[in-house]
Structure formats: C-alpha cells, structure tokens
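Residue strings, one per chain:
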Amino acid sequence: MNSQHDSIRARRSAGFALAELLLAVAVIALLVGISAGAYAFLRGGINADDQATKTISLAADIQKNWRNAGSYTTLAPAEINKLALIQKPLKWDGTKVQDGYGNTMSVSGGPTSFVLTIGGPINAVSKEDCASIANRLATGVATNVNVGTSAAAGGAGQVTGGNAFKVGTIINQANLATGCNEPNPVIAASFR
C-alpha cells in the first residue's frame, strides 16, 4: 500500500512540476515582451527598415524637387525642412536633420549628386542595423555607399572616408562588414 501511495504522490508531484514549468515559461515570455517594448521605446521605436525606407524616400523627394534646377548645389537641411520632406523617424531639430537614432544627418549637394549620412556617435547604429540600412540603400537607389567611423558627406555631393561598400555597380560585402564593425559607424550614401 505504501508503494502505491508513493507512486500516486510522485505522479502528482510531476504534474505540478510541469504546471509550474509552464507558468515559469509564460512569465519569462511576458518579461521578454515587456523588455523588448521598453527597448524599442527607448530607441524611439526606430528600426533599420523604417530608417532605410524614410532615407530612400527623402532621397527620391530631393531628386524630384531639385531635378528642374539641374544641380544639387543649393541642397541644404533648411531647404529640405522648408519643403516638408522630413518624415518620421527622421527629425528636424530647428537647424539640422537627424536620423531616427538622433544623429545629425550630413547633407551635401554638388553639381550632379548629393550625399546623406546615417549614424554617428550620439546613438550608435548596431552592426545589424548598419548592414541592413546600407544594403537597402545600395540596392538600386544609391550610386555610392561608404560605411565606417570616418564615412562622411564630402564636398560636391561625394562620399568620403570609411570603407567603400558600393561604388557604381560594384558591391564589396567585406567592406560592409568591416565598416559596420567599427565603433559608431556612419553610412554615407550618394545619389544622382
């Protein structure tokens, strides 16, 4: 009788352990969900896909608005703001355009091209976001993309510094990996 009683008690104990395990998994899942939401809130809800999409949209709007001028030499952050081309998560802080991460976006125009930058030291873009954004910009819309700590918008609408990820139609994935692994990477993309 004692062994039968012990067997029933062991099965009940195992049942409670399974229920407790399921409850623990549910609590952990809830905490992970709350943490992910808090992280997104702290980052301003920015994600790489949205940042890339809005940057591509901004580039297309700049092309459309400056096409008749035949040159991008008058391109300036204040002009972009005046034409209401800045869409969230991009921001206007009163004097400059900021990316969704809070970094100042450099804007440089030249006779035939212009450059926009994403990233920098204010709120570093993660390696994954850097690669995702750079790949989206490079696939068809940007003519040149440099990535890395020293990537920048040079004069006359040219990209400078960093690692040349895309030059014309040539893509160098090794340079993307190198540039995105640098501290506080910047993505500098030129458009025509």
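Shown above is the structure to which this text applies.
These numbers come from a predicted model, not from an experiment. (Residues numbered from 1 in each chain as written. Predicted model: local features only at pLDDT ≥ 70, side-chain atom pairs only at ≥ 80, totals over all residues. Heavy atoms only, no water.)

Peer 1: For the packing of helix H4 (residues 127–138) against helix H5 (residues 173–181), give the residues involved together with the corresponding values.
Peer 2: Interhelical geometry of H4 versus H5 gives an angle of 140 degrees and a closest axis separation of 9 Å. Compared by their axis directions, H4 and H5 come out oblique. In the packing of H4 onto H5, the handedness of the crossing is right-handed. Between H4 and H5, the contacting residues are Lys127, Cys130, Ala131, Ala134 and Asn135 on the first element and Gln173, Leu176, Cys180 and Asn181 on the second. Tallied by class, the residues present in the contact of H4 with H5 amount to five nonpolar, three polar and one charged. (Axes fitted to C-alpha atoms, helices over the stretch in contact; angles between N-to-C directions. Helix = DSSP H or I, 4+ residues; strand = E, 2+ residues; numbered from the N terminus. Parallel < 35°, antiparallel > 145°, perpendicular 65-115°, else oblique. Left-handed = near helix turned anticlockwise from the far one by under 90°. Contact = heavy atoms within 4.5 Å. Nonpolar A, V, L, I, M, F, W, Y, C, P; charged D, E, K, R; others polar.)

Peer 1: Help me get a handle on the environment of Gly109, residues and values and all.
Peer 2: Looking at the secondary structure, you find Gly109 in strand E3 (residues 107–109). Note on Gly109: relative accessible area 19%, which makes it buried. Linking Gly109 and Ala156, residues 47 residues apart in sequence, is a C-alpha distance of 5.6 Å. Discounting residues that sit within four places of it in the chain, Gly109 has contacts with Tyr72, Thr73, Leu75, Phe114, Ala156 and Gly157. (Buried < 20%, exposed > 50% of the residue type's maximum accessible area, 1.4 Å probe, protein only.)

Peer 1: Which residues make up the state of the cysteines, and what values go with them?
Peer 2: A complete count under the given rule lists one disulfide for this structure. Put simply, Cys130 and Cys180 are joined by a disulfide, and their sulfur atoms are 2.1 Å apart. With the S-S bond torsion at -75 degrees, the cross-link from Cys130 to Cys180 turns out left-handed. You can see Cys130 sitting in helix H4 and its partner Cys180 sitting in helix H5, a full 50 residues away along the chain. (Disulfide = S-S within 2.5 Å.)

Peer 1: Can you lay out the sheet that holds E3 for me, pointing to particular residues and giving the numbers?
Peer 2: Hydrogen bonds between backbone groups are what pair the strands of a sheet, and the pairing can be parallel or antiparallel. What the six strands build is an open sheet, ordered E3-E4-E10-E5-E8-E9; its pairing is antiparallel. Looking at strand neighbours, the two that pair on one side only are E3 and strand E9 (170–171), the edges of this open sheet. In terms of strand pairing, strand E5 (residues 144–148) meets strand E10 (residues 186–191) through five bridges, oriented antiparallel. Bridge assignment links Asn146 to a residue of E10, and that residue is Ala188. Set on the sheet, helix H2 (residues 48–66) makes contact with strand E4 (114–119) and E10; between it and E4 the angle comes to about 160 degrees. (Pairing = 2+ DSSP bridges.)

Peer 1: I'd like to hear about the side chain of Ser71, residue by residue, with values.
Peer 2: Residue placement: Ser71 occurs in the loop between H2 and helix H3 (77–82). For Ser71, a relative accessible area of 17% gives the class buried. A polar atom in the side chain of Ser71 sits 3.0 Å from the side chain of Thr73. Each residue touching Ser71, except ones within four places of it in the same chain, is listed here: Trp66, Gly110 and Pro111. (Polar contact = N/O pair within 3.5 Å; in protein donor to acceptor, adjacent residues only side chain to side chain.)

Peer 1: Lay out the pattern of salt bridges with the relevant residues and their values.
Peer 2: Applying the stated criterion across every chain yields a total of five salt bridges. We note a salt bridge from Lys64 to Asp61, for which the minimum N-O separation is 3.9 Å. Of the two residues, Lys64 and Asp61 are both situated in helix H2; the distance of three residues between them amounts to about one turn of the helix. When its relative accessible area of 54% is taken as the criterion, Lys64 is described as exposed. When its relative accessible area of 16% is taken as the criterion, Asp61 is described as buried. Across the pair Glu79 and Lys82 runs a salt bridge whose closest N-O atoms are separated by 3.2 Å. Pair noted here: Glu79 and Lys82 are both in helix H3, with a separation of three residues, about one helical turn. Take Glu79: its relative accessible area is 29%, and that puts it in the partly exposed class. (Salt bridge = Lys/Arg side-chain N within 4 Å of Asp/Glu carboxyl O.)

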